[in-house]
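One-letter residues, chain by chain:
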Amino acid sequence: MTRALVVESPGALALVEDLGRPGFAHLGVTGSGALDRGAARLANRLVGNRDGDAIVEVLVGGFRARFTGGDCWFAVAGAWGPVVLDGRTVAPYTAVRAPDGGVLELGPAVRGLRYSLAVRGGIDEAPVLGSRSRDTLSGIGPEPLAPGRVLAIGAEPEASVPLIDQEAAFAPPDGAVTLALRPGPRADWFTDAAGATFFEASWRLSEQADRIGARLVGPTLERRDAGELASEATVPGSVQVAGDGRPTILLADRPVTGGYPVIAIVALSSLDAVAQLRPGQELRFRHA
Amino acid sequence: MTRRLLPSGESALLVECDGLDEVLALHDALAPERRPGVIELVPAARTLLVVVDPAVLPLESLATWLRRIRVDDAPATDAAAFGEAVVPVVYDGDDLDETAALLHVSPEELVARHLAASWRVAFGGFAPGFGYLVSDDWSFEVPRLGAPRARVPAGAVALAGAFAGVYPRQSPGGWRLIGRTDAVLWDAGRPEPAVLAPGRRVRFERVRG
């Protein structure tokens, strides 16, 4: 019998993700992939997987699933919250062996927003365009998880489960988060005052935040002129400013091209932190 | 011809051109020579985004390459580099008569011009497999619908602005529909998932419905 993870409850949103689908943007297919790439890599490494193996990205919590077909190592990284195996709390950011039939539950995240659940062998869904990532914008890749969904688990990797003396835990911060920014292609479309305000203001994550983009609450950013921008391709972390002067950080499932000027780009070192921001959480910007 | 290199993070540069013709010429120059380290080459109406793996091709080297590359003033017209697609069309779109009237031609004339033009895919970006088609033989400017349709069927052949296009899947859309094709223009299971990839030459061929 092949090993599988059988979903009993997906919670708010549970998706299969890996490190994405690069190389198809010119065909209108965005990169997608785990929103917190560092957490996906770490969870995979904790169970001896390759970095690019598919994980389950669980939003907020409320996720419950049963291991079938044999024992299976798993690890949870990213968001910080109760990880419960067969009714007993186990350590996050640690490889844990689930028995055949074991039930794993991820409770409401206390810090951060997105758990990365890696199983040893990886989630073995059929890849589409070389990736097992669910692209929520285009509907490409494995369907969002629903109760009863059976996720096949891949073959045991060659690497053993690494022995780690110290906990490799990096719980997302619960206070203000400072993100490093690089200049955007259209920074000169904004007034000097807007450029200064952008870095001096305190921002908050709005309720309108998903895998496509994270809209921010704060002051409005004034443009030098109101000219139309011909749509152009963006990279993950692009901070696009809409016509109302409000910024949005574009994320993994963003459209390939956008028609609003990009004032700045979140540095790669800060991008994973955006995935773990909770609505209402404070954020500030600094120059990278 | 001016080319501005704009910053776009740690692993990309955005090249801004004077207009679409220069974007097409630059794309034609860059695309066939797929340098190691180039991950994405994404043309748009006035820009071309080049995404690299900076460990293989550092941004400084990319910038030098982009500044120095020779671009033919007249983009290659042969289909050799990108291939040609022939799309069979039944010209019975809901907006055909009204669109022709807006352009002060008969529906037959509009169809004949659409068939006679040699098109090329300039860029994508709206949805997987959707290509914005341009042609030197096409002089019409087609206004978009006042209110977009909530559902445009897959295979709808459409016009908007200076562009022609084909909806690869059912989606909302504000382009004017002049016909339909049963060609499968997008299939993620194929090695080349999109028929209408940037650079490809396209001809439409009339079929009876």
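In this text the structure is predicted, and so the values were computed from the model without any measurement.

Peer 1: What's the story with the layout of surface pockets in this structure? I'm lost.
Peer 2: Of the voids in this model, the largest pocket is the one considered here, and its volume is about 830 Å³. The wall of the largest pocket is formed by 35 residues, among which Arg37(A), Pro236(A), Leu268(A), Ser11(B) and Val51(B) lie closest to the centre. Of all the secondary-structure elements, those providing two or more residues to the lining of the largest pocket are helix H1 (37-46), strand E19 (262-266) and helix H3 (268-275) of chain A together with strand E3 (38-43) and strand E4 (47-52) of chain B. If you go around the second largest pocket, you meet 24 residues; those closest to its centre are Ser231(A), Thr257(A), Phe126(B), Tyr132(B) and Arg144(B). Going through the elements one at a time, strand E18 (257-258) of chain A together with strand E11 (171-173) of chain B are the ones with two or more residues in the lining of the second largest pocket.

Peer 1: I tried to follow H3(A) on my own but got confused; where do I start?
Peer 2: Since there are 3.6 residues in each turn of an α-helix, residues three or four apart along the chain are aligned in direction. All names here are of chain A. Ser270, Leu271, Val274 and Ala275 are the residues of H3 that are buried. The buried residues of H3 all sit within an arc of 160 degrees when viewed along its axis, so they share a single face. Of the surrounding elements, those touching the buried residues of H3 are strand E10 (111-119), strand E12 (177-183), strand E14 (213-217), strand E17 (247-250) and E19.

Peer 1: Can you walk me through unusual backbone geometry in this structure?
Peer 2: The backbone of Asp86(A) shows a phi angle near 50 degrees, a positive value even though the residue is not glycine. Of note, Asp86(A) is situated in the loop between strand E6 (83-85) and strand E7 (88-90). The exposure class assigned to Asp86(A) is partly exposed, which follows from its relative accessible area of 40%. One non-glycine residue with positive phi stands out, namely His104(B), at about 60 degrees. Among the structural elements, His104(B) can be located in the loop between helix H3 (96-102) and helix H4 (107-116).

Peer 1: What exactly am I supposed to notice about the pattern of salt bridges here?
Peer 2: Counted according to the given criterion, the structure contains 32 salt bridges over all chains. A salt bridge links Arg4(B) to Glu16(B); the shortest N-O distance between them is 2.7 Å. One end of the pair, Arg4(B), is in strand E1 (residues 4-7); the other, Glu16(B), is in strand E2 (residues 12-16), and 12 residues separate them in sequence. According to the relative accessible area criterion, Glu16(B) is buried, its value standing at 11%. In this structure, a network of salt bridges that share partners links the residues Glu17(A), Glu57(A), Arg114(A), Arg211(A) and Asp253(A).

Peer 1: What is the right way to read the sheet that holds E6(A) from this model?
Peer 2: Strand pairing in a sheet takes place through backbone hydrogen bonds and is either antiparallel or parallel in direction. Residue and element names in this part refer to chain A. The 6 strands are arranged E7-E6-E9-E4-E1-E11 in an open sheet whose pairing can be described as antiparallel. The open sheet has two edge strands with one neighbour each: E7 and strand E11 (150-152). Geometrically, the sheet is characterised by an average inter-axis angle of 30 degrees between neighbouring strands, direction not taken into account. Where E6 lies against strand E9 (residues 103-106), 3 bridges are found, and the strand directions are antiparallel. Within E9, the residue paired with Val83 across the bridge is Leu106.

Peer 1: How should the side chain of Arg211(A) be read in this particular structure?
Peer 2: As for its placement among the helices and strands, Arg211(A) is situated in the loop between strand E13 (203-209) and E14. Here Asp253(A) takes part through its side chain, which lies 2.9 Å from a polar atom of the side chain of Arg211(A).

Peer 1: Looking at this model, I keep getting lost on the interface of chain A and chain B. Mind explaining?
Peer 2: Reports of interface size often rely on the accessible area that becomes lost once the parts have come together. Residue-level contacts link 29 residues of chain A with 32 residues of chain B. Between chain A and chain B, a total of about 2300 Å² is buried, with carbon and sulfur atoms accounting for 63% of that surface. One can count 2 salt bridges joining chain A with chain B. Taking the shortest distance from any N to any O, the salt bridge between Glu10(B) and Arg182(A) comes out at 3.3 Å. At the junction of chain A and chain B, the tally comes to 8 residue pairs in polar contact (both at pLDDT 80 or more). Mapped by element, the contributors of at least two residues to the side of chain A that touches chain B are E12 and strand E15 (232-233) of chain A. Among the residues making up the side of chain A that touches chain B, the classes are represented as 17 nonpolar, 8 polar and 4 charged.

So, how was this worked out
Residues numbered from 1 in each chain as written. Chains lettered and ligands numbered in written order. Predicted model: local features only at pLDDT ≥ 70, side-chain atom pairs only at ≥ 80, totals over all residues. Heavy atoms only, no water. 1 Å grid on protein atoms, 1.4 Å probe; cavity = no way out; pocket = protein on both sides within 12 Å on 5 of 7 lines; lining within 4 Å. Points joined across faces, edges and corners; volume = space filled by probe spheres on them. Helix = DSSP H or I, 4+ residues; strand = E, 2+ residues; numbered from the N terminus. Buried < 20%, exposed > 50% of the residue type's maximum accessible area, 1.4 Å probe, protein only. Arc of directions from axis to C-beta. Contact = heavy atoms within 4.5 Å. Salt bridge = Lys/Arg side-chain N within 4 Å of Asp/Glu carboxyl O. Pairing = 2+ DSSP bridges. Axes fitted to C-alpha atoms, helices over the stretch in contact; angles between N-to-C directions. Polar contact = N/O pair within 3.5 Å; in protein donor to acceptor, adjacent residues only side chain to side chain. Buried area = accessible area lost by both parts, 1.4 Å probe. Nonpolar A, V, L, I, M, F, W, Y, C, P; charged D, E, K, R; others polar.

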